[in-house]
Structure formats: C-alpha cells, structure tokens
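# Architecture at a glance
If you want the building blocks of each chain, they are given just below.
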Amino acid sequence: MFRTHTCGELRINSVNNEVTLAGWVQTIRKFGAITFVDLRDRYGITQLLFGEELNQQLDTNPLGREFVLQATGTVHERSNKNSNIPTGDVEIIVTSFKILNKSAVPPFTIQDDTDGGDDIRMKYRFLDLRRNAVKKNLELRYAVNRATRNYLHQQGFMDIETPFLIKSTPEGARDFVVPSRMNGGQFYALPQSPQTFKQLLMVSGYDRYYQIVKCFRDEDLRADRQPEFTQIDCEMAFVEQEDILNMFEGLIKSIFKEVKGIDYTEKVPRMTWEDAMWNYGNDKPDIRFDWKLLNLKKPSSVYTNKKDSSELITGASFGVFDNAETVVAIAVPGCSDYSRKQTDELIEWVKRPQIGMGGLAFIKCNKDGTYKSSMDKFFNEEKLKAIAAACNASTGDLVLILAGAEERTRKAISELRLEMAERLGYRKKEEFKLVWVLDFPLFEYAEDENRWVARHHPFTSPKPSDIEIMISNDPAIENAAEYLKHPYANIKANAYDMVLNGNEIGGGSIRIFQRELQEKMFAALGMTKEESLHKFSFLLGAFEYGAPPHGGIAFGFDRLCAILGGSESIRDFIAFPKNNAGRDVMLDAPSTIDEKQLVELQIRSTAK
Ligand code: ASP
C-alpha cells in the first residue's frame, strides 16, 4: 500500500505516530522557510507541513495543484486548529515525500464553489468528480442503491439480469438501435425498459424479480432527461394492486430511513387520477402544500363524475369565462397586497409561450374585508366573495383565475400553483410528501395518428370491471373531435404512480396475462394480427404456457436520488451524464465511424 491512513482519518489520538498518506495536492501555501500543503483524497483533507530542509527540496521539485503526492511524517497537534474539517486538530510534519505523478494545471478549481462552468466541468468530468459536492451526490446514490438491494433482498426478490441487445419494447419513446454485423441489414433495439423480460420471468416462476438497470429512450431531451437512465425495475407474481402498493411503499420508506434517517410512518395517501387532475390540474401533484383548485367550469365530456361550480360565474356576461372551455381558480395565501406591478408581472408570466395563456384574472381578499378584482365590471363584491369562499380563500389571500382550452388551462394552473408555492417558500427541499395516484385511463387518444395509444404501456391490464367495455366495443372512432365520448376514453387501468414532491418517481401496473386479452389490447392500439405477432409472438406464446397473474413497478433511480439530495438536476447524480443535446462532451460522442465499419455493417450514411 502507498499509505498507512487516508486523508480523512487522522485525529488527535494519533499524535506522535508515524504515518504515510497519499493523495492530491489541493493547496500549497508557502510561508518563508516552511510550506503547508493540503492533501486530499476521497475521504478528506489533511494538512502537511514541510519544514526548512524539505522546503529546499520543494524548490528544486516544485509541487503544483493536483499533483499526486506520497508523504511520510509524524502526526502533530496543530497550534492553529481548523474546526471546519474533521482532521483539523492535527497536521503531519513531513519527513520524506515522493511526487507520484505531476498534473497539468486543472481547467477549474477542485473546490465546492468551483469557478468552472457546466460545459468545462462536463468535458473534464474526471476532475469534476474529485469535487466534494459531486462526490457527496455519488455517495448518496450508492446509499440509495444499497438500501434498495437490502430491502428487496429481505423481501425475497432476486436480481436477474436481462439483455440489452433486444427487440423494441414499447414504452412510448423512440428506440436506440444497434446494427448487427452478423445479420446484415438487421438491427437490435436497446431496451426502453426490461418490461417484457420481467413478465417472461414471471411466467418462468421467478415470482419476485428486481434489477437496478439501465434503460434507453431516444427522446428529445426536455429539461433534465437523459437518453440512458437507471430504473429500479421490479415485478411480482400472484399479486394484486394492493400487494404491490404495500410492498413498494415499504421500499421507499426503508430508503428514507436508511439514506435520510427519516421515519416515514404514516400511510402514503392515495388519490385517483381523476381527483388529482380535478384538484391539482396535474397527475403528479405536489402535496407539500394543499392548495386545491376551484373548478368554475368544466368541459362537457371530461370528468363525468365531477360537479363544477359554474353557478358562481354564469350570468355575469363575462365573455372570457363564457367562451372558455375551462375556468379554474386557486387561492394563494397572503398575497392580497400584491401591487399592480406584481399582478402585471404574473399576467406576463402566464402569457409566456411555455404557459401559453391569454391572461389571468384575480380577486384580492383584502385584509379590511373588502374584495377587489380585475373583473369588477362583471362581478359585484358579493359574487367575488362567493368565488373566494368556494376557493377556500381567507382574508389576505389572492385568488388567481385562468380560463381557456381544457388541457392548456389545467396545465397552466398547475404550473402557476407550483410557481407561487416556490416563490412563497412552500416547496421545502427537506420535506418529503408521497402520494399514490391510481386508476389512470387505460388509453390516450393520439389525434395525429387517429388511434388509441396505451397511456402506460400495452401490457397494462384494464380494471377488471372495465374489461367487458374493452371487449365489447369497437375501438374505431367516427369523429376524432369527439373521442372523449367513446367508451374507451372511460376505461380505467390497473395502474399506479408513486409521486414524491410533485415528481413521478415510480410507475407500474397489473399486467394482462391472458393471450386473448393481450391480443385484444394490441388490436385496440391499431396493430394488425400480423404486426402483433411480428413484434410480440414470444410474449403471446409464453402466455399459453401457464402465465401467472402478475404486476410490477419501476422507479426512476436518478430522479429519486436527485430529490433525496435536494437537487433539481439528475445529471448531478450520474457519474458520466450526457448534456441536453444527448452528447457526452468528455468522450465527444456520438461520433462518426470509419467507412470500413459502415461497410461491415452494410450501412450507408447519408449524413454530411
Ligand atoms: N416498464 C414500466 C416503465 O418503464 C414500468 C412498469 O410497468 O413496471 O415505466
């Protein structure tokens, strides 16, 4: 070994011991005849003191930042202690040293608050990873990994690897493909998830499977996505939805306990998809703060089981509301004293292209008991008061109202809800609130393709009570504009999402396990019999050999780590991430390949 101790290990009780350390030179401070060097490794920093004699050696062999150094010496108590680091009571009076390797001057400082911008840190990620701030994140990631494995192992799960070179798995994204040299003109797809394999493992009898596994999805990288990411992928046989919810609520609670020391004892609340959309405008509500929406007007064919409060706005002859498909409001606490400038700024905020609304109406519930509104011309004080009351607004609150097309308006109000909560400090990083969202619609309608698509994936089972609707109705739609009136729009899935602080951290479903129903599902999605056989004959075949009832879930491992680490960015928790254009700037990948390779693969590139 090059060392007797790590750079984070020595304390006052080692004084007078002779030790050898090895690590990287963090800082060099020369004071006349002596030099102090902070030596760093993964475990910490220890101060080295080079006395007069060695100092002369340093003159001929100067040290530089990030040099790899081995130093032997005696542990001394420091006269000038540093309470900021665990080794701060001691220093090593160096008796001999060896430069194990030199370093070029690093392009940014290897410190918590580095001077390096994102691009340069990614290009030199191997240096960035030396920084404590990044190391902490990878340590947290490893702790989440360990906690996951411990829990699942205790519950009898088996980690079974599944292949990467496969055939397409439909998770709704584009596949990454790999050309096969040995089978010219043919391609493998990289798995978007191990979905079909884990189902086959259930058929094979491995009734509790898991894997912490890479998945690949060729998507446009909207904010904070990675083309390759990691899932905690799980499947169980002989279970119902309730069993899965309990098992994986247990997993997340044990991760909280082991990684964050948090006893999350209360039962995770459950909410139907319809309630989530109705109350929060969103199927992944952040419930750290319970600001629910007031639905002042709903479109006729959505939320068939919900009653809106349209009586509060009818008869006011306010065209903006009367002509809108949807009108929704939210009460924001303590903002009734917003100035004209502040309300104007909010109006501009909702008009930004990302939000896309035409404007915003508001009611100020003033502290003196009066009500002031941007719609004073149409609503008298009594009516304003009634809307505010229905919105659960208290004195001092500000009611914000949006009106427009259903989907856009609901998305906008949920964004506005998050934005206001963020501004007012309701989204606390160290507060964790989980919720299960259940009973998703089984299908979504893809207007551009004029067909139904699976909301989760095509292997998700309808609710048992809705199977009959699926079997007895023709999926075809006469009038695309009225797809919500088709019976398929109301079929609910046996699917569930786990939501943490407004992020979907996991999702899964009870699966279809009978061939006939799976075939019906493929047909409902517009696949011909030939197509479904071409793509999934292995699965349909397997279902003929005693497939047990089964279901599962997958958690987004990177996202879970980021939330537990109090960060918005999953990249911070991945050792070698890609940038927003899907590039690895360190490797400079993707890149072109040799003509020879292309010939071998029987591929002709048309790119310039
Ligand atoms: N394969 C699904 C996904 O990646 C998860 C599941 O259904 O288990 O979202």
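Note that this is a predicted model, so its numbers are computed, not measured.

Another aspect to go through is the overall build of the chain. Helix and strand content of the chain: 16 helices and 22 strands. Along the first, second and third principal axes, the C-alpha set of the chain runs to 90 × 75 × 55 Å. The burial tally for the chain puts 51% of its 608 residues in the buried class. For the chain, long-range pairs separated by at least 24 residues make up 68% of all intrachain contacts whose partners lie at least 6 apart in sequence. Surface exposure of the chain reaches about 30,100 Å², of which carbon and sulfur atoms provide 49%.

Counted under the stated rule, the structure contains one cavity of 30 Å³ or more. The space that makes up the largest cavity amounts to roughly 40 Å³. Taken together, M122, R125, F576, P577, D584, V585 and M586 form the lining of the largest cavity. For the lining of the largest cavity, the residue count by class is five nonpolar, no polar and two charged.

This part takes up the site of the ligand. Close to the ligand lie 14 residues, the nearest being E171, Q195, K198, H456 and R511. Interatomic distance of 2.9 Å between a side-chain N/O atom of R217 and an oxygen atom of the ligand. Bound to the protein, the ligand loses 92% of the 270 Å² it would expose on its own. For the shell around the ligand, the secondary structure elements donating two or more residues are α5 (195-203), β21 (503-510) and β22 (550-556). When residues of the shell around the ligand are assigned to their parent elements, the largest contribution, three residues, is made by β22.

Let's shift gears to the side chain of S193. Considering the arrangement of structural elements, one finds S193 in the loop between β8 (186-189) and α5. Setting aside residues up to four positions removed in sequence, S193 forms contacts with T169, E171, C215, R217 and Q231.

All right, on to the layout of surface pockets then. Leftover empty space is mapped by rolling, across the atoms, a probe with the size of a water molecule. A volume near 870 Å³ is recorded for the second largest pocket. Looking at the second largest pocket, it is lined by 29 residues, and the ones nearest its centre are F176, V177, A589, P590 and S591. Sorting the residues of the lining of the second largest pocket by element identifies β7 (177-180) and α16 (595-600) as the ones contributing at least two each. At three residues, the largest contribution of residues to the lining of the second largest pocket is made by β7. Grouping the amino acids of the lining of the second largest pocket by side-chain chemistry returns 17 nonpolar, four polar and eight charged.

Turning next to the sheet that holds strand β13 (residues 326-332). Taken in spatial order, the five strands line up as β12-β13-β16-β14-β15 in an open sheet, and their pairing is antiparallel. Where the open sheet ends on each side, the last strands, each with one partner, are β12 (294-297) and β15 (371-373). Direction aside, neighbouring strands of the sheet carry axes that sit 20 degrees apart on average. In this structure, strand β14 (residues 361-365) lies alongside strand β16 (residues 398-404), joined through four bridges in antiparallel fashion. Its bridge partner being in β16, I363 is matched across the sheet by V399. Each of β12, β14, β15 and β16 touches helix α10 (residues 381-390); the most contacted strand, β15, lies at about 95 degrees to it.

One open sheet accounts for eight strands, arranged β6-β9-β10-β22-β21-β20-β17-β11; its pairing is mixed. Two strands close off the open sheet at either side, each with one partner strand: β6 (158-159) and β11 (270-272). Contacts between helix α6 (residues 241-260) and the sheet are confined to β9 (208-216), β10 (228-237), β11, β17 (434-438), β20 (495-500), β21 and β22, with β20 contributing the most and set at about 20 degrees to the helix. In the packing of helix α7 (residues 273-280) onto the sheet, the strands contacted are β11 and β17, and the crossing angle to β11 comes to about 85 degrees.

To continue, consider the pairing of β17. Counting buried positions along β17 gives five out of five residues, so the element sits mostly inside the fold. Where burial is concerned, the two faces of β17 agree: the one with L434, W436 and L438 and the one with V435 and V437 are both buried. Looking at chain direction, β11 and β17 are connected through three bridges and run parallel. Each residue of the ladder has a partner; that of M271, found in β17, is V437. Of the strand pairs in this sheet, β17 and β20 are connected by five bridges, and their pairing is antiparallel.

Moving on: α7. In terms of burial, α7 is largely enclosed, as seven of its eight residues are buried. For α7, the full list of buried residues reads W273, E274, A276, M277, W278, N279 and Y280. Buried-residue contacts for α7 involve β11, β12, α11 (406-423) and β17.

Its location among the elements puts T109 in the loop between β5 (90-101) and α2 (118-123). Considering only alpha carbons, one finds T109 and D128, 19 residues apart in sequence, at a separation of 9.0 Å. Every residue in contact with T109, bar those within four places of it in the chain, is listed here: R65, T114, D115 and R131.

Criteria and cut-off values
- Residues numbered from 1 in each chain as written.
- Predicted model: local features only at pLDDT ≥ 70, side-chain atom pairs only at ≥ 80, totals over all residues.
- Heavy atoms only, no water.
- Helix = DSSP H or I, 4+ residues; strand = E, 2+ residues; numbered from the N terminus.
- Buried < 20%, exposed > 50% of the residue type's maximum accessible area, 1.4 Å probe, protein only.
- Contact = heavy atoms within 4.5 Å.
- Areas by Shrake-Rupley, 256 points an atom, 1.4 Å probe, with all protein chains shown as cover.
- 1 Å grid on protein atoms, 1.4 Å probe; cavity = no way out; pocket = protein on both sides within 12 Å on 5 of 7 lines; lining within 4 Å.
- Points joined across faces, edges and corners; volume = space filled by probe spheres on them.
- Nonpolar A, V, L, I, M, F, W, Y, C, P; charged D, E, K, R; others polar.
- Near = heavy atom within 4 Å.
- Polar contact = N/O pair within 3.5 Å; in protein donor to acceptor, adjacent residues only side chain to side chain.
- Pairing = 2+ DSSP bridges.
- Axes fitted to C-alpha atoms, helices over the stretch in contact; angles between N-to-C directions.

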